[in-house]
Amino acid sequence: MEEKLAIEGGPKAKTKETQGIPKYGIEELMELVKLWGLKPGTEQLVRNTLEKAWTGKSPHLFRYYHPDGDSMTRRFEMECSKFFDVPYVLATNSCTSALIAALVAAGVGPGTEVIVPSHTFFASASAIVVAKAIPVIAEIDDSHTIDVQDVERKITPYTKAIIVVHMKGLPCDMDAIMNIAKKHNLVVIEDVAQAAGGWYKGKRLGTIGDIGCFSLDHYKVIASGEGGIMTFKDEWLYTRAQSYHDTAACWRPNRYERERKEGELFAGENYRMSELQAAVAFAQIQKLDRIVNTLRKNYKKIISKLDLPETVRTLKDNDPDGGCRYVLGLLWKDKEMALAARKALEAEGIWGSTHDTDVRDWHVYKYWEHILEKKTATKEGCPYTCPYYKGKLPDYSPDMCPDTLDYLGRSLFIGISQNYTDEDCEQIAYGINKVAKVLSERKTKNQPLLNV
Ligand SMILES: Cc1ncc(COP(=O)(O)O)c(C=O)c1O
């Protein structure tokens, strides 16, 4: 007799649901716990507790496959949206990828130029090459951020965008930049890698231009090991960046729909943030205002007590009430004074850093051989040889930005900590005044700066 199919009311061939083994169990969680370096024995206590409390469920660490639709990455993006007061936020796996996605979203590509400052981590410049455009390097001024006049000089009919970098948490001259951008119809991408939580004239850095790109790598104000944040006011830019960051918008809400508008779907990369990064970043962003507010207070305490001689001054400040303020920048009469001051301050117990421009540093354009020598991954040399590019390639050379080398060489940055007490601030100001006075007197009398 013919057996009855289950679909027609017969018995099922397989009668029991197979119980899945969770993808991420106690072992994976314990590996994370180990990262925190707990006291001996505590790890075992944690493991015992986990084993007792374990429900057999595991998290989804892929943002777009979250069972309740509310992934940690999405929560982080929504938190950032509130924090930065912008309608669209996209979390990425780094600031470098955020910059590339921002350029692509903005329509930067073959035949276009993008202006970038001479003093930034070289990722800001290499992102332009990855996006198949020509980087045009502009000077910085004595604020250590992009020189707005040089930007204007370097605009050509091929300029599509400007990347401005709030270096060391110092704010760029955003009013002037936005005016120029408006005048020449340019997209402004703020590289906020080093300035998360900072301000410019009452606005959060990263929310003034068209797109803000933040870094969450280890060295930044807040971090998740690696990671990035993109902020947008414009939905179309957000949509295009989302497409590019997610291998052609694999996981957009209506994922199998055709594009709603020309330019929405195109081949992209995978720059997605993982749920692990997002969990750490979510906790970190809760701390950001407190960190920056404390830094700004400590900075003010120190700077208000400075009494500097003529041979040294603080950097030009595009907003004395803005920035992040984890450094205080001093500009000396010459490089020799800056280097001597760093050594003298170190002996006083005050940490500072200089930019000896003769020492290789990825933050100084002079050492971006990748760009200066037009190095590319394949011998065809795209984008420098791109037939769509009708402009004149910049004359890249190590001495093409003399002002930058001058300002960098003469500057000294004193680190500011959120953990400083009032006494620390007093002593740091006292130490700076003392070193500045002695070095200045010796300079004026043409004496050796340090007797060691
Ligand atoms: C100014 C600047 N832009 C971009 C980046 C790149 O950030 P990420 O390491 O997240 O790719 C950095 C990192 O140091 C940076 O300092």
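Reading the values: rules and limits
Think of each chain on its own: its residues are numbered from 1, step by step along the sequence as written. Only residues with pLDDT of 70 or above have their local features reported here, since the model is predicted, and side-chain atom pairs are shown and tallied only from 80 upward, although totals for entire chains, interfaces and linings are computed over all residues. Processing note: side-chain calculations cover all non-hydrogen atoms of the structure and skip hydrogens and water entirely. Only protein chains enter the accessibility calculation, which uses a 1.4 Å probe. A residue is then buried if its area is under 20% of the maximum for its type, exposed if over 50%, and partly exposed in between. Counting from the N terminus, the helices are the DSSP runs of H or I reaching at least four residues and the strands are the DSSP runs of E reaching at least two. Angles shown run from 0 to 180 degrees and are taken between the N-to-C directions of axes, each axis being a line fitted to C-alpha atoms and, for helices, limited to the stretch in contact. Here the angle decides the label: under 35 degrees means roughly parallel, over 145 means roughly antiparallel, 65 to 115 means roughly perpendicular, and every other value means oblique. What makes a crossing left-handed is the near helix being turned counterclockwise from the far one by less than a right angle; a clockwise turn instead makes it right-handed. Any two residues whose heavy atoms approach within 4.5 Å are treated as being in contact. Residues are grouped as follows: Ala, Val, Leu, Ile, Met, Phe, Trp, Tyr, Cys and Pro are nonpolar; Asp, Glu, Lys and Arg are charged; every other residue, Gly included, is polar. By convention a nonpolar core is built from buried Ala, Val, Leu, Ile, Met, Phe, Trp, Tyr and Cys residues, the set being connected through side-chain atoms within 4.5 Å. Near, as used in this document, describes a residue that has one of its heavy atoms within 4 Å of the molecule or strand being considered. Definition of a polar contact: a pair of N or O atoms within 3.5 Å, with one able to donate and the other able to accept a hydrogen when the atoms are protein atoms, and with sequence-neighbouring residues admitted only if both atoms are side-chain atoms. Only the protein chains shown count as cover for residues, and all accessible areas are computed by the Shrake-Rupley method using a 1.4 Å probe. The split of the chain into domains comes from an automatic or database domain assignment. Strand pairing is assigned whenever DSSP detects at least two bridges linking the two strands. Two distance rules govern patches: like charges are joined within 9 Å, and nonpolar side chains (Val, Leu, Ile, Met, Phe, Trp, Tyr) within 5 Å, applied only to residues with over 30% relative accessible area and no salt bridge. For this analysis, a salt bridge means a side-chain nitrogen from Lys or Arg found within 4 Å of a carboxyl oxygen belonging to Asp or Glu. Two cysteine sulfur atoms form a disulfide, by the criterion used here, when they sit within 2.5 Å.

Got a sec to walk through the pairing of strand β11 (residues 327–332)? Specific residues and values, please.
Here β11 lies mainly inside the structure; 6 of its 6 residues are buried. Residues V327, G329 and L331 line one face of β11 and the alternating positions L328, L330 and W332 line the opposite face, and both faces are buried.

I'd love a proper account of the packing of helix α1 (residues 26–35) against helix α2 (residues 42–53), names of residues and values included.
Following both chains from N to C, one finds α1 and α2 inclined at 150 degrees, their axes separated by 11 Å at the closest point. Comparing their axes, α2 and α1 come out roughly antiparallel. In this structure, the crossing between α1 and α2 has a hand that is right-handed. Note on element contacts: α2 touches α1 through E43, V46, R47, L50 and E51, opposite I26, E27, L29, M30, V33 and K34. Residue composition of the contact of α1 with α2, grouped by class: 6 nonpolar, no polar and 5 charged.

Before we move on, could you go through the nonpolar core and cite the residues and values that matter?
If you look at the biggest cluster of nonpolar residues, it comprises 70 residues, and the most contacted ones within it are F76, I177, L330, W332 and I414. With 10 residues, helix α9 (residues 275–303) is the largest single contributor of residues to this core. With residues near it in sequence (within four places) discarded, F76 still touches A91, L216, I229, M273, A278, A281, F282 and I285. By size, the runner-up hydrophobic cluster in this structure holds 60 residues, among which are L90, A131, I371 and L372.

Describe the site of the ligand, listing the residues and the values that go with them.
Neighbouring residues of the ligand: 15 residues in total, closest T96, D191, S215, D217 and K220. The side chain of D191 places a nitrogen or oxygen atom 2.7 Å from a nitrogen atom of the ligand. In the complex, 92% of the free accessible area of the ligand, which totals 390 Å², lies under the protein chains. For the shell around the ligand, the secondary structure elements donating two or more residues are α4 (95–105) and α5 (123–130). Looking at the shell around the ligand residue by residue, the class counts come to 5 nonpolar, 7 polar and 3 charged.

So what's going on with the domain arrangement of the protein chain? Residues and values would help.
How large an interface is tends to be reported as the accessible area lost when its parts come together. Looking at the assigned domains, one finds that the protein chain contains domain 1 (21–58) and domain 2 (67–285). Its C-alpha centre places domain 1 at a distance of 36 Å from the equivalent point of domain 2.

Before we move on, could you go through the environment of A283 and cite the residues and values that matter?
Among the secondary structure elements, A283 is positioned in helix α9. Relative accessible area serves as the criterion here: at 40%, A283 is assigned to the partly exposed category. In this structure the C-alpha to C-alpha distance between A283 and I222, which are 61 residues apart in sequence, comes to 9.6 Å.

I'd like a description of the packing of α4 against α5, backed by residues and values.
Across the interface, α4 lies against α5 with an axial gap of 9 Å and an inter-helix angle of 45 degrees. Relative to α5, the element α4 lies oblique. Helix-helix and strand crossings are classified by hand; for α4 and α5 the assignment is right-handed. Contacts between α4 and α5 involve T96, L99, I100 and L103 from the former and A123, S124, A127, I128 and V130 from the latter.

Just give me the short version of the sheet that holds strand β10 (residues 312–314), but keep the residues and values in it.
Paired through their backbone hydrogen bonds, the strands of a sheet run either parallel or antiparallel. Pairing is antiparallel in the open sheet, where 4 strands are placed in the order β10-β11-β13-β12. Across the chains shown, the open sheet's two edge strands, defined by having one partner strand only, are β10 and β12 (352–354). Across the sheet, the mean angle separating the axes of adjacent strands is 30 degrees when strand polarity is ignored.

Let's hear about the environment of G409: which residues, and what values?
Considering the arrangement of structural elements, one finds G409 in helix α12 (residues 402–409). Overall, G409 belongs to the buried group, its relative accessible area being 4%. Sequence spacing of G409 and D356 is 53 residues, and the spatial spacing of their C-alpha atoms is 5.6 Å. Setting aside chain neighbours within four positions, we find G409 in contact with K335, A338, H355 and T357.

I'd like to hear about the pairing of strand β4 (residues 159–165), residue by residue, with values.
Of all 7 residues in β4, 6 are buried; the element is thus mostly enclosed. Examined bridge by bridge, strand β2 (residues 113–117) and β4 share 3 bridges and lie parallel to one another. Its bridge partner lying in β4, E113 is registered against T159. Note that β4 and strand β5 (residues 187–191) share 5 bridges and pair parallel.

Could you give an account of a nonpolar patch on the surface, with specific residues and numbers?
On the surface, L29, L32, L35, W36, L38, L276 and V280 cluster together into a nonpolar patch covering about 650 Å² of accessible area. If you list the elements that add at least two residues to the nonpolar patch, you get α1 and α9. Element by element, the count of residues in the nonpolar patch is highest for α1, at 3 residues. Along the chain, L29 falls in helix α1.

Kindly report on the state of the cysteines, identifying the contributing residues and their values.
Simply put, the disulfide is a covalent bond whose two ends are the sulfur atoms of two cysteines. Considering all chains together, one arrives at 0 disulfides under this definition. Its sulfur unpaired, C172 is 12 Å from the next cysteine sulfur, which belongs to C324. On the basis of relative accessibility, which here comes to 0%, the residue C172 falls in the buried class.

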